[in-house]
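# Coordinates in review
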Amino acid sequence: NNIAAEGYFKKTMDGVMEIYINGLLSSPRTQFRNNFGNAFVQAFKIPEMGMAATWNAAEGAVKYVGKQIPFTQNKNYFNTPTEGVTFEQVYARMYSYQHSAISAFKNASIAVRNGPDVDKLEISQFQKNTISAKTFGYDENSAIGYGIDTMGKLIRLPGTALVWGDEFFKTMAKTAEQADIAMQKAQQYKRQGFSDDEIAEKVTNDIYLDKGTIKTIDDAKKASVFQDDLGPSISKVQKVLNDTYVGRVIVPFFRTPINIFKMVYDRSYGGVVKGVKVGADVLLSPFIDEPYFEYTKRFKNDAQFRTAEMGKYSMSCLLYTSDAADE
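A brief look at the structure comes next. In this text, all values refer to a predicted model and were calculated from it rather than measured experimentally.

So, how was this worked out
Starting from 1, residues in each chain are numbered consecutively following that chain's sequence as written. It should be noted that, the model being predicted, local features are given only for residues of pLDDT at least 70 and side-chain atom pairs only at 80 or more, the latter also being counted only at that level, while totals for whole chains, interfaces and linings use all residues. Values reported for side chains reflect all heavy atoms of the structure, with hydrogen atoms and water molecules removed beforehand. Helix and strand definitions follow DSSP, with helices as H or I runs of at least four residues and strands as E runs of at least two, each counted in order from the N terminus. The buried label goes to any residue with under 20% of its type's maximum accessible area, the exposed label to any with over 50%, and the partly exposed label to all in between, with areas taken from a 1.4 Å probe on protein chains only. Only heavy atoms enter the contact rule, under which two residues are in contact if any of them lie within 4.5 Å. Salt bridge, as applied in this entry: a Lys or Arg side-chain nitrogen positioned within 4 Å of an Asp or Glu carboxyl oxygen. A cavity here means a set of points on a 1 Å grid, drawn over the protein atoms and nothing else, where a 1.4 Å probe fits but cannot get out; a pocket is an open set with protein on both sides within 12 Å along at least five of seven lines, and a residue lines either one if it has an atom within 4 Å of a point. Grid points are joined across faces, edges and corners, and a volume is the space filled by probe spheres set on the points. The classification used treats Ala, Val, Leu, Ile, Met, Phe, Trp, Tyr, Cys and Pro as nonpolar, Asp, Glu, Lys and Arg as charged, and all other residues, Gly among them, as polar. Pairing of aromatic rings covers Phe, Tyr and Trp, the last counted by its six-membered ring, and requires centre-to-centre distances within 6.5 Å; plane angles under 30 degrees mean stacked, over 60 mean edge-to-face, and any other angle means tilted. Any Lys NZ or Arg CZ that is within 6 Å of a ring centre and within 35 degrees of that ring's normal is treated as a charge sitting over the ring. Buried residues of nine kinds, namely Ala, Val, Leu, Ile, Met, Phe, Trp, Tyr and Cys, make up a nonpolar core once their side-chain atoms join them within 4.5 Å. A helix is expected to span 1.5 Å for every residue after the first. For this quantity, the arc is that covered by the directions from the helix axis to the C-beta atoms.

## Quick word on the overall build of the protein
The secondary structure content of the protein amounts to 17 helices and zero strands. Going through the 327 residues of the protein one by one, you find that 40% of them count as buried. Within the protein, residue pairs in contact and separated by at least 24 positions form 75% of the contacts whose partners lie at least 6 positions apart.

Quick look at the structure:
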């Protein structure tokens, strides 16, 4: 059974799948949409954060002029220990874009040569370079072997271009998130009275050594190119599809479309659903000590999260309102 599984037929089918997948990606429109989508997500982050900083400034005004308002006393939405998104974080993110392009080019080129750890193709055959002299048992220095390797590289050009674009924008997103968090942490330490040297050391440790911060940066990097983890249940469905030739043909791309849908949903109907959850907890507040929904708990206690969410939905409202006005 193992011999049959690794036999010539399997190699041939893997080669056919490699041609099929890269054929789907060969259209210039596909490549443009991928890179445009990646660039748009990162560019759109700036006005969203700008709106978030505006909401944070509004909360600051409420704190200053409305300390005796019952809502601010009882619900504690405006008295969280940390500050929300600030305009300095927006500037730090914008500044990072200007200085990370060279690193992004380098990392994208390395990923193409060595193979990325996670790629949008989602098919293991791309990593194997199925159409190669080694796969079919030829010496790569022979005429036939060289021809097969050359043909494989040409066939994989669309997939290679896709990987290059993704790795480029992942590097940009990683640098931007690091700059954002670094500014956020620096402001916190500044309020706590640390010196500039102490702040620099603490921020460096947070960015490069703290596991929670590292995970946050990695998640932001994946989200920028629609490669978020899908969770255990959906990942099992993806694995079942990818483990069969029929599944790969019918659903060759799984993670990316789902994450695109989630991103659009979160900025449309998802915001309404979350708003209903918060409203339900407000109605239940006379009867329970803590909010029932986890989203409401975080919205209440995490000023960074709360203002970022408000900035996101404010931008969504502006877009939908302007679209409706045009109609």
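## So, the pattern of salt bridges
Taken as a whole, this structure holds 15 salt bridges when the rule is applied. The salt bridge partner of Glu59 is Arg306, with a shortest N-O separation of 2.7 Å. Of this pair, Glu59 sits in helix α3 (residues 28-65) while Arg306 sits in helix α17 (residues 303-326); the two residues are 247 residues apart in sequence, bridging distant segments of the chain. Like Glu59, the residue Arg306 is buried in the burial classification. Put simply, Asp266, Lys274, Glu309 and Lys312 are held in one network by salt bridges that share partners.

## Observations concerning empty space enclosed by the protein
A complete count under the given rule lists two cavities of 30 Å³ or more for this structure. In this model, the second largest cavity occupies a volume close to 30 Å³. Broken down by element, the residue count for the lining of the second largest cavity peaks at four residues, all from helix α9 (residues 157-191). For the lining of the second largest cavity, the class distribution of residues is no nonpolar, seven polar and two charged.

## Some details on the packing of aromatic side chains
Applying the stated criterion across every chain yields a total of 12 aromatic pairs. Ring centres 5.5 Å apart and planes at 20° place the aromatic pair Phe40 and Phe44 in the stacked group. Of the two residues, Phe40 and Phe44 are both situated in helix α3; the distance of four residues between them amounts to about one turn of the helix. By relative accessible area, Phe44 is classed as buried at 14%. One aromatic cluster in this structure is built from Phe32, Phe36, Phe40 and Phe44. Geometry around Tyr189 places Lys202 over its ring, the cationic atom sitting 5.5 Å from the centre.

## Details of the layout of surface pockets
The computed volume of the largest pocket comes to approximately 1700 Å³. Of all the secondary structure elements, the ones that give two or more residues to the lining of the largest pocket are α3, α5 (87-99), α9, α11 (211-223), α14 (255-266), α16 (294-301) and α17. Of the residues assigned to the lining of the largest pocket, the class counts are 20 nonpolar, 11 polar and 17 charged.

## Some details on the nonpolar core
The biggest cluster of nonpolar side chains holds 14 residues, and the ones touching the most others in it are Val85, Tyr97, Phe168 and Met172. Taken together, the elements giving at least two residues each to this core come down to α3, α5, α6 (101-114) and α9. Ile181, Tyr189, Val203 and Ile217 belong to the second largest nonpolar core, which has six residues in total.

## Considerations on the side chain of Asp149
With respect to the helices and strands, Asp149 occurs in helix α8 (residues 143-155). Sequence-distant contacts of Asp149, that is, excluding residues within four places in its chain, are made with Ser132, Ala133 and Glu140.

## Comments concerning helix α15 (residues 269-284)
For α15, spanning 16 residues, the distance from its first C-alpha to its last is 23 Å, which sits close to the expected 22 Å at 1.5 Å a residue. Looking at α15, one finds that the buried residues are Gly270, Gly271, Lys274, Val278 and Asp281. End-on view of α15: buried residues confined to an arc of 100°, all on one side of the axis. In α15, the exposed positions angled more than 90 degrees off the buried face are occupied by Tyr269, Val272, Val276 and Leu283.

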